[in-house]
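Here are the chains, one letter per residue:
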Amino acid sequence: MAPLASQTVDLREPAGWRRTKNQIMTVLMWGAFVIVLIPLGFVIYTVIEKGAKAISWQFLTNGTVPPNVMPLGFGGMGAAVIGTLEITGFAALIAIPLGVLGAVYISEYGGRNWLAKLIAFMADVMTGVPSIVMGLFIYTLWVLHFGYSGMAGSFALACLMLPVVIRSSYEMLRLVPNTLREGSYALGATKARVTVTVVLPAALGGIVSGALLAVARAAGETAPLLFCILTVESTNTNLFSGPNTALSTQIFANAQSPYVGAQARAWGAALTLIAITFILMIVARIVTARFTRYAR
Amino acid sequence: MEQQDQKIVAKLTVPESSVRDEAPRSGNAVFDAKNVSIYYGSFRAVTDVSLNIYENEITAFIGPSGCGKTTVLRTLNRMNDLIPGARVDGAVHYRGASLYESGVSPTAVRRRIGMVFQKPNPFPKSIYDNVAYGPRINGERSKRKLDDIVERSLRQAALWDEVKNRLGKSALGMSGGQQQRLCIARTLAVEPDVVLMDEPCSALDPIATGKIEDLMHEIKSRYTIVIVTHNMQQATRVSDRTAFYSVLRDEKSDVRTGVLVEYDKTANIFENPQDSRTQAYVTGRMG
Amino acid sequence: MSTATEADPAIPAGSAGALAHRRPLGDRGFQIMALVAGLLVLIILILIAVTTAQQSTTWFTTAGFKGIFSTVWNPEANQFGAMAFVYGTVIASVIAIIIAFPVSIGIALLLNEVVPRRWARPIIYVIDLLAVVPSVVWGLWGIIVLVPKLQTLYTHIASGVKGIPVLDSLFGGPDVSGASFFTAGLILAIMITPIITSLSREVIATVPAIDKEGAYALGATRWEMIRGAVWPHSQGGVVGAALVGLGRAMGETIAAALVIGASAEVTPHLFYTGYAIPAVIALQFGEASGGEFRAALIGLGLLLFVITIIVNLVARWIVERSARRARGA
């Protein structure tokens, strides 16, 4: 099929079906992104618009949640804010160290043995366990014997966070080059020392950012708390006894109420919750950008 | 940094490459490259290459690592477009038409100028579907015609007898040499004008290599072939013309770039090279 | 030397034995701590199964197999048939996957093949933002903003398909409601898109560049290259990603609970109110006074646990198998 050199060759875009199909497909792919932008934009816009109306210093700090029928201006969500911060904070305190240790086991001690592979596999499976099941679990294990408390909620959230922290920490530990470990071993350090003084610091940025994202996800969880804290109307700073409340459960309760006041408070709580989550996410990004030495 | 780089490179005096270019008696120039320089971002990988490639010949590009021979090869079918930041200065004409003019469609170019890669890359599909891929995307739907094309291409690639009874099996189940011949068959299935080969035998054993070299001689009468090779014996075995590339290094700034040193009939390059660098390379003293 | 590896005085210095000998206590202790932390994962999973099974045995034994899967859910009459909830969970999740799968694949392909690397980051941020919006906020927005709007839309569609055989039983009917199976599926779709997109991207990124170059070298357009080189490599992994998304949709509680309509009915009408397993547990647990009511709800939780574990296992197996095939080949 070699044309004679005298024939001028036409190298322009071949018109027709192939090019059109390619363009249609590209448009569709962009369309998929736009489809996702619409609800996201809509939600964020609505939350900001309606939530801003409810937010005030009183709203954020007043420790008494008013009955649903009361309009805006009475009481506030302070109890829920404190609840969310306490419960999520305690959950992070439990889950992050345990998660990092678990990841250390798989990455540094497990090697190729079957137990490490099983744990890693099951951690992945555990990330798919519905949050409501975790709530029921802590209910049957703890609440039935020791009653509702913020701590029970923390346990449930910690169970949700654990596999996520394990997985993300493991990914970070894996990225630390072996030469770093070998250099430390060559100086006579034991495995524990190598891990704590060399490997973990090297992976720290990534581990912290992964943990922050897990905390952000936990702060927004509702279902497990429903069974563990028994949403109440006043602040309970004692995490270890007595029912408690949180922003997520308050939003859930208020969303089902027909009263305008309750719904307005729900929007305010939603805006507060999104703000907290958002701040955590941004801090996680900053940590990734500035402090992560070994990125993928 | 970019500015500084440009200035220094401009000071590099690129010695005239000895391009001995007598058009063979009945052939035409398929490619006509003039003053081609290729940049990756601000790094000039290849400087000022000019040569003609002739129809129905096998032209070999040889030279040490990093001399830009693969870069020049990929410029001939616009494959460098796939690398972000790649840019071509100068003119490349294919049968009189400029390849880098605006309005030129890379897909149209690549349909006419095919490429076989260093590592065989069959699709994870059946042998039949691999060869039929090209014709299918060009609109061929008739099963009978596709069967014909597949058989003809596999015959040209000297693979038909080995696979004719298992066309439906996965291409990944074949040996490396067979996979590479499949890739050649796949390229021939779209009936290109030119076949570019980027070190096609470097991942293969000597027997598979021999089969592919025989194949090249067989199809030469219908196609124009340009082959990049690290193996000088291979260049002497298969090619009619050889282009020797090398790395030019500026003493002061340590800026390196690839240049075309000498281009001539293969016999001359290896038996009677004009440039000392060519001589050093082909006698094994360098590279 | 930073640590003192105790040399056993009984072994002469310089022999190989001295090097291979004891490990200090701290090292051992650390290893044990790490091991226990890892084992927690297994322990928790087993405990979940055990405790929920314990608390729900009354339901399983009294209702029996037939009772569990009956469609009648009447707590006052002590009838706890789970069929309506299983049905609702499956229907809403299937709707979610049908919507989310093409969208997620589209975005994954967009990010990996179409968009130049520099511009990919803002798009990824948007997807992460989508993932970080809490479920309860989606539910709040869903029930207050989306549901009323969809009510009018559904009514229009229902009157439009009136009389047409299949479409009428799916999308028609006099009792269409904004809060319905379909709305729940829609919101679930939005929520599972990020995870499917992210997993699919990982799969698509493993396609070797030379395969893609091979397709381009044959004169393929970008879409033809995707179909020829990318798709065969990634189809298994992408299906696995979809299954992971399906598992998430099935377990998603709060958003679905708020917009699904809370009525335990088995009906083909997608625009009717319905129920789902996690939704009923969340909404009725507070009122569950009787022991058997509670046992039934916990039993439903156990059922959900088992279903999602199975879906996740199948998903991981499919992804592993296709990854192994790509590596081995």
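Keep in mind the model is a prediction, meaning the values are calculated, not measured. All residue numbers here refer to positions counted from 1 along the written sequence of the relevant chain. As they are written, the chains are lettered A onward and the ligands numbered 1 onward, keeping that order. This being a predicted model, a pLDDT of at least 70 is required before a residue's local features are given, and a value of 80 or more before pairs of side-chain atoms are given or counted; all residues contribute to the totals for chains, interfaces and linings.

Draft legend 1. Here's a closer look at the overall build of chain A. In this description a helix means any DSSP run of H or I spanning at least four residues, a strand means any run of E spanning at least two, and both kinds are numbered starting from the N terminus. What chain A contains, in helices and strands, is eleven helices and zero strands. Helices and strands appear in chain A in the N-to-C order α-α-α-α-α-α-α-α-α-α-α. Note that the radius of gyration is over C-alpha atoms, with the globule rule given as 2.2 Å times the number of residues to the power 0.38. For chain A, whose C-alpha radius of gyration is 26 Å, the value lies well above the compact-globule estimate of 19 Å for 296 residues. Based on the C-alpha atoms only, the size of chain A along its principal axes is roughly 90 × 60 × 35 Å. A total of 296 residues make up chain A; the buried ones form 51% of that total. In chain A, the proportion of contacts linking residues at least 24 apart, taken out of those at least 6 apart, comes to 75%. To sort residues by exposure, count the other C-beta atoms lying within 10 Å of each residue's C-beta; 20 or more gives buried, 12 or fewer gives exposed, and values between give partly exposed, all with C-beta atoms placed from the backbone. Contacts are defined on C-beta atoms placed from the backbone: any two residues whose C-beta positions lie within 7 Å are in contact.

Draft legend 2. Here's a closer look at the overall build of chain C. Counting secondary structure elements, chain C contains twelve helices and two strands. Taken from N to C terminus, the helices and strands of chain C fall in the order α-α-β-β-α-α-α-α-α-α-α-α-α-α. At 26 Å, chain C has a C-alpha radius of gyration far larger than the 20 Å of a compact globule built from 329 residues. Projecting the C-alpha coordinates of chain C onto the three principal axes gives extents of approximately 95 × 65 × 35 Å. By residue count, 50% of the 329 residues in chain C fall in the buried class.

Draft legend 3. Just the interface of chain C and chain A, in detail. Every contact between the two is made by 73 residues of chain C and, on the other side, 70 residues of chain A. The element best represented in the side of chain C that touches chain A is helix 2 (residues 25-68) of chain C, accounting for 19 residues. Under the grouping applied here, Gly and all other residues not named as nonpolar or charged are polar, the nonpolar ones being Ala, Val, Leu, Ile, Met, Phe, Trp, Tyr, Cys and Pro and the charged ones Asp, Glu, Lys and Arg. Split into classes, the residues belonging to the side of chain C that touches chain A amount to 48 nonpolar, 20 polar and five charged.

Draft legend 4. Inspection of the confidence of the model for chain A at higher detail. Per-chain confidence: chain A averages 86 in pLDDT, with 94% of residues scoring 70 or above. pLDDT is defined as a per-residue confidence score from the predictor, taking values between 0 and 100. Low pLDDT (under 50) marks residues 1-7 of chain A, which in the prediction has nine contacts with non-local residues, meaning those over four places away or in another chain.

Draft legend 5. How the structure looks around the environment of Ala37(C). As for its position among the elements, Ala37(C) is in helix 2. Once residues lying within four places of it in the same chain are set aside, the contact partners of Ala37(C) are Leu98(A), Leu101(A), Gly102(A) and Tyr105(A).

Draft legend 6. Structural context of the pairing of strand 4 (residues 58-62) of chain B. Residues and elements named next belong to chain B. Among the five residues in strand 4, five count as buried, and that is most of the element. Every second residue of strand 4 is oriented toward a common face, with Ile 58, Ala 60 and Ile 62 on one face and Thr 59 and Phe 61 on the other, all of them buried. Where strand 4 meets strand 10 (residues 241-249), four bridges bridge the pair, whose relative direction is parallel. Bridged to Phe 61 within strand 10 is Ala 243. Only when DSSP finds a minimum of two bridges between them are two strands counted as paired.

Draft legend 7. How the structure looks around the nonpolar core. Joining buried Ala, Val, Leu, Ile, Met, Phe, Trp, Tyr and Cys residues through C-beta atoms within 7 Å gives a set, and that set is a nonpolar core. Of all hydrophobic cores here, the largest spans 285 residues; its most connected members are Ile138(A), Met161(A), Ala270(A), Val137(C), Ala256(C) and Ile260(C). It is helix 3 (residues 83-114) of chain C that provides the largest number of residues to this core, a total of 18 residues. Residues in contact with Ile260(C), not counting those within four places in the same chain, are Gly88(C), Ala92(C), Ala179(C), Phe181(C), Ala184(C), Gly274(C), Tyr275(C), Ala276(C) and Ala279(C).

Draft legend 8. Representation of the packing of helix 1 (residues 17-54) of chain A against helix 5 (residues 135-160) of chain C in the model. Helix 5 of chain C packs onto helix 1 of chain A with a crossing angle of 85 degrees between their chain directions and a minimal axis gap of 10 Å. Taken together, helix 1 of chain A and helix 5 of chain C sit at an angle that is classed as roughly perpendicular. The residues of helix 5 of chain C that touch helix 1 of chain A, namely those facing Val43(A), Thr46(A) and Val47(A), are Val137(C), Trp138(C), Trp141(C) and Val145(C). Here the contact of helix 1 of chain A with helix 5 of chain C is composed, by residue class, of six nonpolar, one polar and no charged. Every angle, taken between N-to-C directions, lies between 0 and 180 degrees, and every axis is a line fitted to C-alpha atoms, over only the stretch in contact when it is a helix. Roughly parallel means an angle under 35 degrees; roughly antiparallel means over 145; roughly perpendicular covers 65 to 115; every other angle is labelled oblique.

Draft legend 9. Highlighting the confidence of the model for chain C. All names here are of chain C. Chain-level statistics for chain C give a pLDDT mean of 84 and a share of 91% at 70 or above. For the stretch residues 1-20, pLDDT sits under 50, and the model shows 23 contacts to residues farther than four places along the chain or on other chains. Listed scores for the predicted complex are pTM 0.83 and ipTM 0.88.

Draft legend 10. Structural detail: unusual backbone geometry. All names here are of chain B. Of note in this structure, Asn 56 is not a glycine but carries a positive phi near 55 degrees. Here Asn 56 is to be found in the loop between strand 3 (43-54) and strand 4. A positive phi is found at Glu 199, a non-glycine position, where the angle reads about 45 degrees. With respect to the helices, strands and loops of the structure, Glu 199 is situated in the loop between strand 8 (194-198) and helix 8 (206-219).

Draft legend 11. View of the pairing of strand 3 of chain B. All names here are of chain B. Relative to strand 3, strand 2 (residues 29-40) is paired through eight bridges, and the arrangement is antiparallel. What sits directly across from Tyr 39, in strand 3, is Arg 44. Linking strand 2 to strand 3, which pair antiparallel, is a turn of two residues; within it Gly 41 sits at a positive phi near 65 degrees.

Draft legend 12. Looking closely at the environment of Val255(B). Residues and elements named next belong to chain B. Here Val 255 lies in the loop between strand 10 and strand 11 (256-265). With 17 C-beta atoms packed within 10 Å, Val 255 lands in the partly exposed category. Taking the C-alpha atoms as reference points, Val 255 and Phe 43, 212 residues apart in sequence, are found 9.0 Å from one another.

Draft legend 13. Broad picture of the packing of helix 11 (residues 260-291) of chain A against helix 5 of chain C. At a closest axis distance of 10 Å, the pairing of helix 11 of chain A and helix 5 of chain C adopts a crossing angle of 145 degrees. The handedness of the crossing between helix 11 of chain A and helix 5 of chain C comes out as left-handed. Contacts from Gln263(A), Ala266(A), Ala270(A), Leu273(A) and Ile274(A) of helix 11 of chain A reach helix 5 of chain C at Val137(C), Leu140(C) and Ile144(C). When the near helix sits turned anticlockwise from the far one by under a right angle, the crossing is termed left-handed; a clockwise turn instead gives a right-handed crossing.

Draft legend 14. Just the environment of Ser289(C), in detail. Take Ser289(C): it is sitting in the loop between helix 11 (277-284) and helix 12 (291-328). Taking the C-alpha atoms as reference, Ser289(C) lies 9.8 Å from Pro75(C); in sequence the two are 214 residues apart.

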